[in-house]
Amino acid sequence: MNSITTQNSIRFIVLILVQVLVLSAINFLGYINPYAYVLGILIFPVHSNRSLFLILSFGLGLILDLFLDSGGVHAVACLIIAYVRPVVLKFSFGTLYDHNQIKFTDVELVKKIVYFAILIMIHHTILFSLEIFNLSKLSLILKKSFLTSIFTLILSVLIVILFSRKR
């Protein structure tokens, strides 16, 4: 196994453990819960095998579903954001993505935040839509998606800032 594969495997395991053991116990205002495990999908290397990335993303969500007894909603949400990730990367980073020169450590923070915000919002909207699965509760779905997305975005940006390597 090369160092990039090892590093990403360790990152996935740590994010799963942190999510299951720490973050799942947080329940701010009764329904706001951060989902920092999506960071594993967001910062996964861009130039990796796409099929492997989709399988790993689905596996990440499935493992969370097994631990949290959530019936597959995390697996579906993770698979969808992994699938749409190239479109969001192109939108967020433009020519850097077009010319295969994107490295998350070299990208400015504002572009990272836009990229994170879009994918986190997509993830949470899908997650809560499937979890609640009632169109009459659309306002609850949107409220939970928006507030939890803000909380997750802040936590994700803090994690990236704290654990980024300075060059």
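Here, every reference points to the structure presented above.
In this report, we go over the structure that sits alongside the text. (Residues numbered from 1 in each chain as written. Predicted model: local features only at pLDDT ≥ 70, side-chain atom pairs only at ≥ 80, totals over all residues. Heavy atoms only, no water.)

## A look at the overall build of the protein chain
Using the following cut-off: In this text, helices come from DSSP runs of H or I with a minimum length of four residues, and strands from runs of E with a minimum of two, each type numbered from the N-terminal end. Only C-alpha atoms enter the radius of gyration; for comparison, a globular chain is expected to reach 2.2 Å times N to the power 0.38, where N is the number of residues. We call a residue buried when its accessible area falls under 20% of the maximum for its residue type, exposed when it is over 50%, and partly exposed in between, using a 1.4 Å probe and counting protein chains only. Between two residues, a contact is recorded if the distance between any of their heavy atoms is within 4.5 Å. Each accessible area is a Shrake-Rupley estimate made with a 1.4 Å probe; only the visible protein chains count as cover when residues are assessed.
A tally of helices and strands in the protein chain yields 7 helices and 0 strands. Taken from the N to the C terminus, the helices and strands of the protein chain come in the order α-α-α-α-α-α-α. The C-alpha radius of gyration computed for the protein chain amounts to 16 Å, which stays within 12% of the reference 15 Å derived for 167 residues, consistent with globular compactness. Along the longest, intermediate and shortest principal axes, the C-alpha atoms of the protein chain span 45 × 30 × 30 Å. Looking at the protein chain as a whole, 38% of its 167 residues are labelled buried. Long-range contacts, defined as pairs at least 24 residues apart, comprise 66% of the intrachain contacts of the protein chain with a sequence gap of at least 6. Carbon and sulfur atoms provide 70% of the accessible area of the protein chain, an area that totals close to 9,500 Å².

## As for the layout of surface pockets
Put simply, the rule is: Within this scheme a cavity is a closed region of a 1 Å grid, computed over the protein atoms alone, that accommodates a 1.4 Å probe without allowing it to escape, whereas a pocket is open but has protein on both sides within 12 Å along at least five of seven lines; lining residues each have an atom within 4 Å of a point. Grid points are joined across faces, edges and corners, and a volume is the space filled by probe spheres set on the points. Amino acid classes used here: Ala, Val, Leu, Ile, Met, Phe, Trp, Tyr, Cys and Pro are nonpolar; Asp, Glu, Lys and Arg are charged; the rest, including Gly, are polar.
Looking at the largest pocket, its volume works out to about 970 Å³. Residue lining of the largest pocket: 28 residues in total, with Gln7, Arg11, Ile43, Phe104 and Thr105 positioned closest to the centre. Those elements giving two or more residues to the lining of the largest pocket turn out to be helix H1 (3–21), helix H6 (109–132) and helix H7 (138–163). When its volume is computed, the second largest pocket comes out at roughly 220 Å³. Around the second largest pocket sit 12 residues that line it, and Thr5, Asn8, Phe44, Leu52 and Leu56 are the ones nearest its centre. Per-class residue counts for the lining of the second largest pocket are 6 nonpolar, 6 polar and no charged.

## Let's talk about the packing of H6 against H7
The cut-off we apply is this: Here an axis means a line fitted to C-alpha atoms, over the contact stretch when the element is a helix, while the angle between two N-to-C directions is reported on a 0 to 180 degree scale. For classification purposes, an angle smaller than 35 degrees is called roughly parallel, one larger than 145 roughly antiparallel, one from 65 to 115 roughly perpendicular, and anything else oblique. A crossing counts as left-handed when the near helix is turned anticlockwise from the far one by less than a right angle, and as right-handed when that turn is clockwise.
Between H6 and H7, whose axes approach to 8 Å, the crossing angle comes to 140°. Between H6 and H7, the angle is such that the two are oblique. H7 is crossed by H6, and the crossing has right-handed handedness.

## Some remarks on unusual backbone geometry
For Asp69, which is not a glycine, the phi torsion comes out positive at approximately 55°. Mapping Asp69 onto the fold places it in the loop between helix H3 (50–68) and helix H4 (73–93). Classification of Asp69 by relative accessible area gives exposed; the value is 71%. For Phe133, which is not glycine, the phi torsion reads 50° and is therefore positive.

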